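Secondary and tertiary structure notes
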Amino acid sequence: MMDGVTGTLLTPGFTGGPLDRADRLRHDADALAAARGDWRAKLLKLANFEPELTPEGMLGWTSLADAPDDAELVLLGLDGSGRPHFAALTPDMRVPPGRSMRLFGMLGMMAPGEAATYAAARSVLDWHSRHRFCANCGTPTQMIRAGWARQCGGCGAEHFPRTDPVVIMVAEHGDRALLGRQPGWPPGRYSALAGFLEVGESIEEAVARELFEEAGVRVSAIRYVASQPWPFPSSLMIACIGMAEDDTITLDTHELEDAIWVERSAVRAVLAGEAGPFLPPPPYAIAHTLLTAWAAE
């Protein structure tokens, strides 16, 4: 997607990963064994679920020989030279209750593409840590397909990592965009509204429902902008823009602390680093990409 003002390619955060996911190896036991035995194979450095970064913002890697004896290995993919890259799940890994400030700082430091590799690793390891037992019969499950599925030892059911779709959207009215804020955000930060897509809904229906539920704004002519994986724990953010019928705001205080209409010129200024009526979302969030696209018309 291109920024219509500068011609810059807009790449949402957590996308553009450099690894070939090598699905072909997931079904080939011999090829997978060869990948695990490759002396060049790399293991992602993680402190529980948080990465270790180099000063240049690159992910830290070590030899596969450093994997704990009780670790289960997930094949993240192959680099351009065919070198395998893995992440390890150990029995003591537990999903943290929230995202630390240290992690948020690292997300802002990561070089392009590195965050995508981390997002894939974090999401799949998080899923494994939560799905050690079969949802069908309760029997313990085992990792299969190079870490991209689990199989029940009792009923034989196979389980696959899931992604939860989330719509994130801007309502526009004339030359203004609707932005909202949640109570736990840094002071002054406003962003696009968002919500989970429910069973039986289209993307467009979810966008319209969420905007009306949270802000009392009805929209039409909804258009898709871009998408982004969000690994906390595993969502697909679907960014859209819709045209508001009017600018009356009826706030759902259970969802939002405040909502405001912001002029396009003010959004442009804020995204350029100038002072304005709100603090923007961080660049790695697709809300930043969405606002950039909207500001560029």
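Look above for the structure.
Since this is a predicted model, take the numbers as computed values, not measurements. (Residues numbered from 1 in each chain as written. Predicted model: local features only at pLDDT ≥ 70, side-chain atom pairs only at ≥ 80, totals over all residues. Heavy atoms only, no water.)

Side note on unusual backbone geometry
Quick note on the threshold: Comment: elements are numbered from the N terminus, with helices defined as DSSP H or I runs of at least four residues and strands as E runs of at least two. Only protein chains enter the area calculation, which uses a 1.4 Å probe; residues under 20% of their type maximum are buried, those over 50% are exposed, and those in between are partly exposed.
Here the bond from Phe 232 into Pro 233 is cis, since omega is 5°, no more than 30 degrees from zero. Position of Pro 233 among the secondary structure elements: in the loop between strand E13 (219-230) and strand E14 (235-244). Unlike most non-glycine residues, Phe 14 shows phi in positive territory, near 65°. The topology assignment puts Phe 14 in the segment before helix H1 (23-26). Of note in this structure, Ala 221 is not a glycine but carries a positive phi near 50°. Mapped onto the secondary structure, Ala 221 falls in strand E13. Taking relative accessible area as the criterion, Ala 221 reaches 48% and is therefore assigned partly exposed.

Remarks on the nonpolar core
Keep this limit in mind: In plain words, nonpolar cores are sets of buried Ala, Val, Leu, Ile, Met, Phe, Trp, Tyr and Cys residues tied together by side-chain atoms within 4.5 Å. In this analysis, two residues are considered to be in contact whenever any of their non-hydrogen atoms come within 4.5 Å of each other.
Core analysis: the largest hydrophobic core is formed by 50 residues, its most contacted members being Phe 14, Leu 107, Leu 125 and Phe 278. When residues of this core are assigned to their parent elements, the largest contribution, seven residues, is made by helix H7 (residues 286-295). Ignoring sequence-local partners within four residues, the contact set of Phe 278 consists of Leu 179, Gly 188, Tyr 190, Val 262, Val 267, Val 270 and Leu 291. Counting residues in each nonpolar core, the second largest holds 17 residues, with Ala 171, Leu 193, Val 217 and Trp 261 among its members.

Things to note about the environment of Gly 60
Tracing the sequence through the fold places Gly 60 in the loop between strand E3 (50-51) and strand E4 (61-63). For Gly 60, a relative accessible area of 9% translates into the label buried. Measuring from C-alpha to C-alpha, the distance between Gly 60 and Asp 23 comes to 24 Å, with 37 residues separating the pair along the chain. Filtering out sequence-adjacent residues up to four positions away, Gly 60 remains in contact with Leu 43, Leu 44, Lys 45 and Glu 52.

Side note on the sheet that holds strand E6 (residues 84-89)
We apply this condition: Here a strand pair is declared whenever DSSP counts at least two bridges between the two strands. As a rule, the C-alpha atoms of each element are fitted with a line to give its axis, helices using only the stretch in contact, and angles between N-to-C directions run from 0 to 180 degrees.
Sheet architecture is open: four strands sit in the order E4-E1-E6-E5, paired in mixed fashion. Of all strands in the sheet, those with a lone pairing partner are E4 and strand E5 (72-78), marking the two edges. Adjacent strand axes in the sheet meet at a mean angle of 40° when their direction is disregarded. As paired elements, E5 and E6 share six bridges and run antiparallel to each other. Each residue of the ladder has a partner; that of Val 74, found in E6, is Ala 87. With respect to the sheet, helix H4 (residues 114-130) is in contact with strand E1 (42-44), E4, E5 and E6, its orientation differing from that of E6 by roughly 35°.

Side note on the sheet that holds strand E8 (residues 149-152)
Within a sheet, adjacent strands bond to each other through the backbone by hydrogen bonds, running parallel or antiparallel. Taken in spatial order, the three strands of this open sheet run E7-E8-E9, and their pairing is antiparallel. One side of each edge strand has no neighbouring strand; the edge strands of this open sheet are strand E7 (141-144) and strand E9 (158-159). Together, E7, E8 and E9 form the strand contacts of H4, whose direction differs from that of E8 by roughly 15°.

Let's talk about the packing of helix H6 (residues 264-271) against H7
Helix packing geometry: the angle between the two helix axes and the distance between the axes. Filter applied, for reference: Angles are sorted into four bins: roughly parallel if under 35 degrees, roughly antiparallel if over 145, roughly perpendicular if 65 to 115, and oblique for all others. In this scheme, a crossing is called left-handed if the near helix is turned counterclockwise away from the far one by less than a right angle; it is called right-handed if the turn is clockwise. All amino acids are sorted into three groups, where Ala, Val, Leu, Ile, Met, Phe, Trp, Tyr, Cys and Pro are nonpolar, Asp, Glu, Lys and Arg are charged, and the leftover types, Gly among them, are polar.
Where H6 contacts H7, the axes come no closer than 9 Å and their chain directions differ by 130°. One element, H6, and the other, H7, form an angle in the oblique class. Of the two elements, H6 crosses H7, and the hand of that crossing is left-handed. Of H7, the residues touching H6 (which contributes Arg 264, Val 267, Arg 268 and Leu 271) are His 288, Leu 291, Thr 292, Trp 294 and Ala 295. Looking at side-chain class alone, the contact of H6 with H7 contains five nonpolar, two polar and two charged residues.

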